[in-house]
Amino acid sequence: MGSLFRSETMCLAQLFLQSGTAYECLSALGEKGLVQFRDLNQNVSSFQRKFVGEVKRCEELERILAYLVQEITRADIPLPEGDASPPAPPLKQVLEMQEQLQKLEVELREVTKNKEKLRKNLLELIEYTHMLRVTRTFVKRNVEFEPTYEEFPALENDSLLDYSSMQRLGAKLGFVSGLISQGKVEAFEKMLWRVCKGYTILTYAELDEPLEDPETGEVIKWYVFLISFWGEQIGYKVKKICDCYHCHIYPYPNTAEERREIQEGLNTRIQDLYTVLHKTEDYLRQVLCKAAESVYSRVIQVKKMKAIYHMLNMCSFDVTNKCLIAEVWCPEADLHALRCALEEGSRESGATIPSFMNIIPTKETPPTLIRTNKFTEGFQNIVDAYGVGSYREVNPALFTIVTFPFLFAVMFGDFGHGFVMFLFALLLVLNENHPRLSQSQEIMRMFFNGRYILLLMGLFSVYTGLIYNDCFSKSVNLFGSGWNVSAMYGAAHAPSERKKMVLWNDSVVRHNRVLQLDPSIPGVFRGPYPLGIDPIWNLATNRLTFLNSFKMKMSVILGIIHMTFGVILGIFNHLHFRKKFNIYLVSIPELLFMLCIFGHLIFMIVYKWLLYSAETSRVAPSILIEFINMFLFPTSETNGLYPGQEHVQRLLLVVTALSVPVLFLGKPLFLLWLHNGRSCFGVSRSGYTLVRKDSEEEVSLLGSQDIEEGNHQMEDGCREVTCEEFNFGEILMTQVIHSIEYCLGCISNTASYLRLWALSLAHAQLSDVLWAMLMRVGLRVDTTYGVLLLLPVIALFAVLTIFILLIMEGLSAFLHAIRLHWIDIKNSCGGTQGMFRRPKVPNDKNKSN
Amino acid sequence: MLEGAELYFNVDHGYLEGLVRGCKAGLLTERDYVNLVQCETLEDLKIHLQTTDYGNFLANQTNPLTVSKIDTEMRKKLCSEFEYFRNHSLEPLSTFFTYMTCSYMIDNVILLMNGALQKKSVKEILVKCHPLGRFTEMEAVNIAETPSDLFNAVLIETPLAPFFQDCMSENILDELNIELLRNKLYKSYLEAFYKFCKNHGDVTAEIMCPILEFEADRRAFIITLNSFGTELSKEERETLFPTCGKLHPEGLRLLAQAEDFEQMKRVAEHYGVYKPLFEAVGDGSGGKTLEDVFYEHEVQMNVLAFNRQFHYGVFYAYTKLKEQEMRNIVWIAECISQRHRTKINNYIPIL
C-alpha cells in the first residue's frame with residue numbers, strides 16, 4: 001500500500017557500458033524493464049546519431065518481415081503466436097538472420113511473381129473462352145454477314161494473345177473483340193461513335209459470371225463486345241480507344257472451324273495452366289508455412305533490437321570512445337536488480353571489463369512511478385486520466401478505490417442491478433486467465449480491463465440498493481415494516497386520547513382515495529427499520545417527496561465530506577514537501593471557508609434530523625430558509641433551529657470573510673516577505689531554504705524536460721518564481737486565480753454533487769417505469785394465457801434492464817462519478833502546481849509491444 | 001454580403017476546412033528544411049522525412065532510392081489527400097475542386113500530345129502525368145490530329161470542354177501549335193475559373209481573385225519572356241494572354257509590344273505589385289530567377305489565404321503550397337544525389 005500512496009523514490013544513475021557489451025547489457029535491462037533512459041543527444045538530429053546504420057538495418061528487416069506476414073496472411077496460413085517473448089537476438093545471429101530473411105524474400109518474390117504471371121495468363125485464357133462463347137451468339141444473330149467473313153484470308157494464329165493480327169488484314173471489314181469492365185461500357189460506346197462517326201457496329205453482352213481483373217485482382221462484372229468496322233484508319237482508332245479504356249482484346253476467329261480449333265487449344269492450355277498453378281501454389285505454401293513458424297518471434301526480436309539501438313542512440317560517448325554513457329532513472333528499490341542485469345549482460349558478451357553503474361546526485365525531479373497490480377491498475381488509470389501526479393505526491397488512486405465505486409453506487413443504487421453487475425464482473429475476474437478474454441474486441445476489452453472496478457461497483461451498488469431498499473424498483477421487506485396500519489383505527493387507543501387524533505374509521509377508509517398514516521399516534525410508528533428505508537414507503541404516494549429530501553441531503557453531506565477530504569490530502573502533500581506555510585496560508589483558510597459555510601449546513605441538517613420528532617415536525621424551520629438567512633441578515637425575528645443561532649452564524653460568516661483575504665494574499669505576501677527579509681527568525685528560515693531547494697529542483701526539471709511535453713506557460717511561470725528576480729505579480733496572479741477558482745468551486749461543486757441525487761432519482765424512476773410498463777402488464781393477464789405471455793414479457797424486461805438500466809444508466813453514473821472525482825483530485829493536488837505535468841513513467845520502453 | 005458565408009459555410013464545408021487546416025500544419029517547417037539540407041544521402045533524407053507528416057511513405061520502396069521514386073510517392077500522397085477532399089465535398093466546392101484539377105488536366109493533355117508527336121508510347125508518358133489531372137479519356141488523346149478533332153472526339157465530356165471554344169481550328173498539331181493550344185486553353189481556363197470565383201462572391205472571391213489575377217499576369221510575363229526570339233507574331237502573342245489579371249488591358253498591350261527583358265521590366269514598373277518582384281531578380285549569375293521570384297510571391301499569397309476563414313481558397317492554397325514543398329524536396333534531393341551542394345539552398349521557403 002505504501003507504494004500506492006506515494007510514488008516510488010527514484011534515483012538518477014549513470015551507466016558506463018563498455019562499447020562491446022552495450023548491446024547485451026541493454027538487452028538484459030530491457031527484458032527486466034527497470035529503467036527509463038534520458039536522451040543525452042537531444043541536439044543531434046535523428047540521422048546523425050551513432051547507431052543510425054543499425055536502426056536502418058532493423059528497418060530493412062522489418063520491411064522484409066512485414067512482406068512475409070502479408071504473404072502469409074494472404075495465403076490464409078495461421079500465424080502461430082507464441083506467448084513467449086524471445087529476447088533480442090545476439091549480435092552474432094543478426095547477420096545470419098538477415099541473410100536468411102533476405103534469401104527468403106528473394107525466393108518468395110520470385111515464386112509469387114511466377115504465380116501471378118501464371119494466374120494472369122490463366123485469367124486471360126478464361127476470358128478468351130468466355131469471349132468466344134458469347135460472340136458466337138452475336139454471329140448467329142447476324143447470319144447475313146456470314147458470307148462476308150469467308151472472303152478474308154484466315155488468320156494465322158501463331159500467338160493466341162496477339163491482337164495486332166488485325167492490322168494484317170488487308171480487307172475492308174475488320175473485327176475487334178474483347179472484354180470491357182462494366183462501368184466503362186457506356187463511355188466507351190459514346191467515344192467509339194464520336195470518333196468513328198458511325199463507321200463501326202458495336203455489339204455487346206454482359207457476362208453472367210463476374211471475373212477477376214488480371215491487373216488489379218478485383219472481381220468485377222464484364223461485358224463482351226464485338227466491333228465491326230470499315231477501313232484501316234478506323235481500325236487504328238478503334239484500337240487506340242480500346243487501349244484507352246483498358247479493354248482486354250482477343251483475336252476474333254473468322255470461321256466456325258477456326259473458332260472450334262481455338263476453343264480446343266484454349267481448353268488444353270487452361271488444363272495445363274491449372275496443374276502448373278497448383279504446383280506453384282503448393283510450393284509457395286510450403287515456403288510460407290516454413291516461414292510462418294518463426295516469423296512471429298522474429299518480428300518481436302527485430303522490434304527489440306530496434307528498441308535497443310534507439311536507446312543506444314540516446315547514450316553519449318566517452319571521450320576515449322571506449323564506453324557509452326547512459327543516464328537512467330531507476331527506482332531505488334530496483335538498484336540491485338539493475339546491477340545484476342548489467343553483470344549478466346557483461347557476462348553474456350564475455351567482456352573483460354564489466355559495465356558498471358554510478359548513482360549521481362541530482363536536483364531534477366524524477367519521473368513518477370506508481371507500481372500497480374491487476375486490482376489497482378484500473379483505479380490508477382482513472383486517476384491518471386486527469387493527469388499524472390508529480391514525484392512523491394499523494395496518489396489519490398488509493399482512496400479512489402473506495403470512493404469511486406461508492407459514489408457510483410450512490411447514483412446506481414439498486415440491489416438487483418448491482419447484483420447483476422457484480423455477477424458479470426465476477427465472471428470476468430474468475431476467468432481472467434482465459435486467453436480469449438484478454439485478446440477480445442475493443443468494447444469487451446474495456447470491460448475486461450475494468451473488471452475489478454466493475455466488481456466493486458457492483459458490490460457497493462448492492463449495499464446502496466439495500467439502503468434505498470430497491471430491487472428492480474421494488475422494495476424487499478426483510479425485517480417487517482416499522483409502521484402499523486391497525487393502530488390508526490380507534491380501537492387500540494384510550495378514549496381520552498382519541499379526541500386529539502385524526503383516526504380512521506370505515507367511512508374514512510371507504511371515501512378517501514389517499515389515507516395518511518400519522519406517526520404521532522402511538523403505535524403507528526414503531527421505530528425505524530433496521531437497515532435502510534422502510535419498505536412501506538414503496539406503497540406511499542409521497543414516496544418521491546420523502547426520498548428526494550433524503551437523497552438531496554445525503555448528496556450534499558457526501559459531497560462536502562468528499563471535498564474536505566480532498567483539501568486534507570493537499571495538507572499531506574504540503575507536509576511532505578515541507579511547505580508548512582502552504583498549510584497555514586492556503587489549506588486552512590480553504591478548510592475554514594468550506595466548513596464555515598457548508599459545514600454549518602451539514603450541521604443544521606443533522607441537527608434537524610436529531611431534534612425534531614413526529615410531534616414537533618410541524619414547527620421545524622426550513623433549512624433552506626435558514627441557510628439563506630445566514631447571508632441576508634433579515635430584520636424580522638426568525639425562530640432558528642437552536643437558541644443563539646444568529647450569533648453563531650454571524651461568527652461563522654466573519655470567519656469565512658476573513659479567510660478569503662488570507663487565501664488571496666497570504667501566500668504571495670509571505671513569499672515576498674521571505675524574499676525581502678531573509679534575516680528574520682530562524683525557524684522559518686530553515687523552512688525557507690528547504691522550500692527554495694524544492695522549488696529549484698522543480699525548475700531545473702522543468703527546464704530540462706522536453707519542451708514539447710508540457711505547458712510552456714507553467715514552465716515559464718515556475719522558472720520566474722525562483723529566478724533571482726522575484727516576480728511578485730506572477731505569484732499574486734496565480735494565487736488569486738487559484739483562490740477565485742476555489743471559492744466559486746466550493747459553491748458550484750456542492751451544487752454539482754447534487755447529481756448524486758438526480759442520477760439516483762433518474763435510475764429509480766426509470767426502473768420503476770420499466771416495471772410498470774412491462775411486468776405489471778404481464779402479470780395482470782389472467783392465469784390461463786398469462787403464462788404464455790409472461791415468457792416474452794420477462795425476456796423483454798431482461799433485455800431492456802440490461803441495455804437501458806445496466807449499460808446505459810451504468811455508463812452515465814460512471815461518467816458522473818468520474819466528474820465528481822475530478823473535484824476531489826483537483827483539491828488534493830494542491831491546485832495548479834505540477835498537476836498536469838506529464839512525467840515519463842519509467843517503463844519497459846525497451847521491451848517490445 | 002458576408003453573413004451567408006459565415007453562417008452556412010460550416011454546415012457544408014466545415015469538416016473539410018478543418019481538415020485542410022490540419023494538413024497545412026503538417027507542412028515542413030524551417031527547421032525541417034535546415035535538417036534536410038544537411039542530409040548526405042537520399043537515405044538520410046528518407047529518415048528525416050519519416051519524422052515529419054510524410055511518415056513512412058517510402059517504406060515499401062525497394063532500394064536503391066531515387067529522386068523520381070520520392071517524387072511519385074509524394075505526388076501519390078498529395079493525390080490521395082486531394083481525392084479525399086474531393087470525395088467529401090459538396091457543391092459548389094466540388095466544382096471548385098474540378099476547376100483546380102483542370103490545370104493539371106491541360107498539362108497532361110499537352111504532355112500526351114507532345115509524346116504522340118515524338119512517337120513515344122502512351123504508357124511511357126502516362127507515368128509522367130500528374131495524378132491530379134488524370135481522366136479516363138486521357139489516353140485516347142493521340143487519336144486526334146487537329147484541335148477540333150480532339151475536342152469532338154475525346155474531350156467533349158471532360159471538364160475541359162468549355163475551354164475549347166477559342167481554339168477550335170483545323171491546324172495540324174505540331175509542336176508550336178500544341179504550345180499555342182496549351183496557352184489558349186490555359187487562358188480560357190483561368191478566365192473561367194476567375195469568373196467562377198468572382199460570381200461566388202464572399203471571402204472566396206476576395207481571396208481567390210488576387211491569386212488568380214497574379215497567376216494570369218505571371219503567365220503573361222512568362223509567355224512574353226518565352227516568345228522572345230521565336231516566330232510568334234506580336235498579335236498572336238497578345239491573343240494568348242489571359243485577360244483576368246491586373247495587367248489587363250494596358251499592361252497586356254504593352255507586353256505584346258515588348259521585345260526584350262528590359263522592356264518587359266519597364267512594363268512591370270507601372271504596377272506596384274510587380275515592380276519589387278522584378279527588382280528582386282538578380283542579373284545573370286548568383287541572383288534569383290524570375291521564376292523563383294514569382295514562386296516566392298505565390299507562396300506568400302497562399303500562406304496569407306489561411307488567415308481568412310469560410311472560403312475555398314484554403315484548398316487551392318494548400319494544394320499549391322504542398323506542390324511547392326514537393327518541388328523543394330525534389331530540388332534538395334536532386335542536389336544531394338547529383339552532389340551539387342552549392343545550390344542546395346535555392347529552395348523556396350514556405351513561411
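Residues numbered from 1 in each chain as written. Chains lettered and ligands numbered in written order. Predicted model: local features only at pLDDT ≥ 70, side-chain atom pairs only at ≥ 80, totals over all residues. Heavy atoms only, no water.

By the naming in an unreviewed UniProt entry, chain B is V-type proton ATPase subunit, taken from Equus caballus.

Chain A is annotated in an unreviewed UniProt entry as V-type proton ATPase subunit a from Equus caballus. Database annotation for chain A, UniProt heading Function (unreviewed entry): "Essential component of the vacuolar proton pump (V-ATPase), a multimeric enzyme that catalyzes the translocation of protons across the membranes. Required for assembly and activity of the V-ATPase." Taken from UniProt, the Sequence similarities (unreviewed entry) comment for chain A reads in full: "Belongs to the V-ATPase 116 kDa subunit family." (UniProt positions renumbered as here; feature names shortened; annotations may be inferred.)

Enquirer: It is not clear to me how the overall build of chain A should be interpreted in this structure. Could you clarify?
Expert: Helices and strands together make up the secondary structure of chain A, namely 26 helices and 11 strands. Here the analysis covers contacts within chain A between residues at least 6 apart in sequence; of these, 80% occur between residues at least 24 apart. Summed over its atoms, the accessible surface of chain A is roughly 44600 Å², and 60% of this surface lies on carbon and sulfur atoms. (Helix = DSSP H or I, 4+ residues; strand = E, 2+ residues; numbered from the N terminus. Contact = heavy atoms within 4.5 Å. Areas by Shrake-Rupley, 256 points an atom, 1.4 Å probe, with all protein chains shown as cover.)

Enquirer: Is there a simple way to explain the confidence of the model for chain A in this structure?
Expert: Detailed conclusions should not be drawn from predicted coordinates in areas where pLDDT is low. All names here are of chain A. The predicted model of chain A has a mean per-residue pLDDT of 78, with 84% of residues at 70 or higher. The element-level mean pLDDT for chain A is lowest in helix 23 (residues 712-722), coming to 39, with helix 15 (residues 451-468) highest at 93. Within the model, the stretch residues 143-171 combines pLDDT values under 50 with 38 contacts to residues more than four positions away or in other chains. The low-confidence segment residues 679-724 (pLDDT under 50) makes 58 contacts with residues lying over four places distant or belonging to another chain. (pLDDT = per-residue confidence, 0-100.)

Enquirer: Before we go on, may I ask you to explain the packing of helix 8 (residues 175-200) of chain B against helix 9 (residues 202-227) of chain B in this structure?
Expert: Axes are the key here: two packed helices are described by the angle between their axes and the distance separating the axes. Residues and elements named next belong to chain B. Between helix 8 and helix 9, the least distance of the axes is 8 Å, while the angle of their chain directions is 160 degrees. As the angle between them shows, helix 8 and helix 9 are arranged roughly antiparallel. The element helix 8 and its partner helix 9 pack so that their crossing is left-handed. Seen from helix 8, the contacting residues are R182, N183, Y186, L190, F193, Y194, C197, K198 and H200; seen from helix 9, they are D202, T204, A205, M208, C209, L212, E213, E215, A216, R219 and I223. Looking at the contact of helix 8 with helix 9, its residues break down into 11 nonpolar, three polar and six charged. (Axes fitted to C-alpha atoms, helices over the stretch in contact; angles between N-to-C directions. Parallel < 35°, antiparallel > 145°, perpendicular 65-115°, else oblique. Left-handed = near helix turned anticlockwise from the far one by under 90°. Nonpolar A, V, L, I, M, F, W, Y, C, P; charged D, E, K, R; others polar.)

Enquirer: Got a minute to help me understand helix 18 (residues 543-576) of chain A in this structure?
Expert: An α-helical turn contains 3.6 residues, so a residue and the one three or four places further along point in the same direction. The first and last C-alpha atoms of helix 18 of chain A sit 49 Å apart over 34 residues, in line with the 50 Å expected at 1.5 Å per residue. Immediately downstream of helix 18 of chain A, the backbone of R578 of chain A shows phi near 55 degrees, a positive value. (Expected span 1.5 Å × (residues − 1).)

Enquirer: Explanation requested: the sheet that holds strand 4 (residues 200-206) of chain A in the structure shown.
Expert: In a beta sheet, neighbouring strands pair by backbone hydrogen bonds and run either parallel or antiparallel. Residue and element names in this part refer to chain A. Reading across the sheet, the four strands line up as 4-7-3-8 and stay open at both edges, with antiparallel pairing between neighbours. At either end of the open sheet lies a strand with only one pairing partner, and these are strand 4 and strand 8 (248-250). Strand-to-strand twist of the sheet, defined as the mean angle between neighbouring strand axes without regard to direction, takes the value 25 degrees. Here strand 3 (residues 173-181) pairs with strand 7 (residues 222-230) via nine bridges, running antiparallel. (Pairing = 2+ DSSP bridges.)

Enquirer: When you look at the interface of chain B and chain A in this model, what are you seeing that I'm missing?
Expert: Often the size quoted for an interface is simply the accessible area lost on bringing the parts together. Counting from both sides, the interface comprises 24 residues of chain B and, opposite them, 20 residues of chain A. Each partner contributes to the roughly 1900 Å² buried at the junction of chain B and chain A, and carbon and sulfur atoms together form 59% of this total. The largest contributions to the chain B side of the interface with chain A come from I47, E139 and I143 of chain B, which together make up 27% of the buried area. The tally of links from chain B across to chain A stands at one salt bridge. K56 of chain A is the salt-bridge partner of D44 of chain B, the closest N and O atoms lying 3.9 Å from each other. Where chain B meets chain A, there are zero residue pairs in polar contact (both at pLDDT 80 or more). Counting only elements with at least two residues in the side of chain B that touches chain A, the list comes to helix 3 (42-50) and helix 7 (147-154) of chain B. With five residues, the single largest contributor to the side of chain B that touches chain A is helix 3 of chain B. (Buried area = accessible area lost by both parts, 1.4 Å probe. Salt bridge = Lys/Arg side-chain N within 4 Å of Asp/Glu carboxyl O. Polar contact = N/O pair within 3.5 Å; in protein donor to acceptor, adjacent residues only side chain to side chain.)

Enquirer: Just to check I follow, could you spell out the UniProt feature "transmembrane region" (unreviewed entry) in chain A for this structure?
Expert: Mapped onto the present numbering, the UniProt feature "transmembrane region" (unreviewed entry) falls at residues 406-430, 451-468, 554-572, 584-607, 651-674 and 785-808 of chain A. The span residues 651-674 of chain A is 100% helical and 0% strand by assignment, and the distance between its end C-alpha atoms comes to 32 Å.

Enquirer: How do you make sense of the nonpolar core when you look at a structure like this?
Expert: Generally speaking, nonpolar side chains in soluble globular proteins are found buried as a group. Core analysis: the largest hydrophobic core is formed by 147 residues, its most contacted members being F188 of chain A together with L45, F96 and F193 of chain B. Not counting residues within four places of it along the chain, the set of residues in contact with F193 of chain B comprises F96, Y99, M100, M208, L212 and Y316 of chain B. In terms of nonpolar packing, the next biggest core, distinct from the first, is built from 67 residues, A425, V567, I623 and L759 of chain A among them. (Core = buried A, V, L, I, M, F, W, Y, C linked by side-chain atoms within 4.5 Å. Buried < 20%, exposed > 50% of the residue type's maximum accessible area, 1.4 Å probe, protein only.)

Enquirer: Help me understand the packing of aromatic side chains in this model?
Expert: The way to describe two aromatic rings as a pair is by their centre distance and the angle between their planes. In this structure the tally under the stated criterion is 51 aromatic pairs over all chains. Seen in terms of ring centroids, F221 of chain B and Y274 of chain B are 5.5 Å apart; in terms of plane orientation they differ by 70 degrees. Their pairing is edge-to-face. Taken as a pair, F221 of chain B in helix 9 and Y274 of chain B in helix 13 (residues 274-280) lie far apart in primary sequence, 53 residues in all. Classification of F221 of chain B by relative accessible area gives buried; the value is 0%. By relative accessible area, which is 1% here, Y274 of chain B ends up buried. Taken together through their ring pairs, the aromatic side chains of F9, F96, Y99, F163, Y186, Y189, F193, F196, F310, Y312 and Y316 of chain B make up a single cluster. In this structure, R109 of chain A packs its charged tip against the face of Y67 of chain A, placed 4.0 Å from the ring centre. (Phe/Tyr/Trp six-rings, centres within 6.5 Å; stacked < 30°, edge-to-face > 60°. Lys NZ or Arg CZ within 6 Å of the ring centre and 35° of its normal.)

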